[in-house]
Amino acid sequence: MAAIYQAVYRRASSLFCRLHSTYVRKMRYLNELKEDDSLCRQAQTSGTFYLFHNLSPFLQKVGKKYLVPQLSAAEMKRILEKFKETEQWIEKSVLIGCSDKHVPHFALDLGALEKSVIESELKGSFTDLQKALFIVDEKDSPLLASAQSLLRWHDSHQYCSKTGQPTQKNVAGSKRVCHASGITYYPQMSPVVITLVSDGSRCLLARQPSFPQGMYTALSGFCDMGENVEEAVRREVAEEVGLEVESLWYSASQHWPFPSSCLMIACHTLVRAQQAEISVNSLELEEARWFGLEEIVEGLKRKPRSSKQDNGSFLPWFPPKQAIAHQLICEWVKQQTS
């Protein structure tokens, strides 16, 4: 029995080491591409490309599924030749990752070219990112989000904030440099806290006027300069619903591209049941209220935007599973039922 256990352990350890070394090799290869322009330029000739048009990703519908196609360098060359553009267009792309076999992945925005011609040629369509994130496979959503965020950052940082002179991106798109001042700019994310407030038996969800009808979600807000996560959570809860946090604990994090590139830091917070009277800040929210376990479970079953009743009102529904708010709500349900 001991011999069998040792054999299984050795096999598992060997698999772990192989997986680990594959990851390390991949990360080091990506770092080399970011630092070496000539190596990255060479990688563009063998890599795959995800297409965008004015920051909207290109999708293809196959049956009932929406796929995110990867175009080869040869296919990119063919498309550019159709528009009588040179291969130098490919240098506008940004590096977004690579496969375990070191096939690099790039994102390229073709916003200056005729959208309908590209869509007809490739038999697909450019789709608003907010819609695309919820209809593609879960593994593709983070890639589209990070690719669009990086493309957006380059589009909005073409000039140095100190000198006003044009900045130049490196081939990988991991930075921009102002040669007049010597300043190097790197892509940045804004930290945002998102928290599910509970009084022990209920959880608090809110909505803004801009939300789709019937949708409620957890409280969230940008971190102020100099704040840590705990301070930002306490302040946001106090500002938005007039409650004082008694305790909080971290759940998870997620990159989120709206309104720009954000790092969502998700937490659970607890307030005292005796001090749970909500005072909504109307400048921030349209409504906030407590939900019991049964109402949350029912709301999780509803599909987005499908909660309209005959009298015109809307039953509550919650963000889809791709959003970290959904994870917070599911965690709370699990806590209540365990």
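Residues numbered from 1 in each chain as written. Predicted model: local features only at pLDDT ≥ 70, side-chain atom pairs only at ≥ 80, totals over all residues. Heavy atoms only, no water.

- The name an unreviewed UniProt entry assigns to the protein is NAD(+) diphosphatase, from the organism Ciconia maguari.
- Here is the UniProt Cofactor (unreviewed entry) comment for the protein, exactly as written: "Mg(2+)". (UniProt positions renumbered as here; feature names shortened; annotations may be inferred.)

## Section: the packing of helix H8 (residues 293-301) against helix H9 (residues 324-337)
Then, number 1: One way to put it is that H8 packs onto H9 with a least axis distance of 11 Å and a crossing angle of 135 degrees. When the axis of H8 is compared with that of H9, the two are oblique. For H8 against H9, the interelement crossing comes out left-handed. On H9, the residues touching Leu-293, Ile-296, Val-297 and Leu-300 of H8 are His-326, Ile-329, Cys-330, Trp-332, Val-333, Gln-336 and Thr-337.
Then, number 2: When grouped by side-chain class, the residues that make up the contact of H8 with H9 number 8 nonpolar, 3 polar and no charged. (Axes fitted to C-alpha atoms, helices over the stretch in contact; angles between N-to-C directions. Helix = DSSP H or I, 4+ residues; strand = E, 2+ residues; numbered from the N terminus. Parallel < 35°, antiparallel > 145°, perpendicular 65-115°, else oblique. Left-handed = near helix turned anticlockwise from the far one by under 90°. Contact = heavy atoms within 4.5 Å. Nonpolar A, V, L, I, M, F, W, Y, C, P; charged D, E, K, R; others polar.)

## Topic: the packing of helix H3 (residues 73-82) against helix H4 (residues 115-122)
Then, number 1: Running from amino to carboxyl end, H3 crosses H4 at an angle of 135 degrees, the nearest separation of the two axes being 11 Å. In this view, H3 runs oblique relative to H4, as classed from their interaxial angle. Considering only the axes of H3 and H4, their crossing is right-handed. The segment H3 lies against H4, with Arg-78, Ile-79 and Lys-82 engaging Val-117, Glu-121 and Leu-122.
Then, number 2: Taken together, the residues of the contact of H3 with H4 sort by class into 3 nonpolar, no polar and 3 charged.

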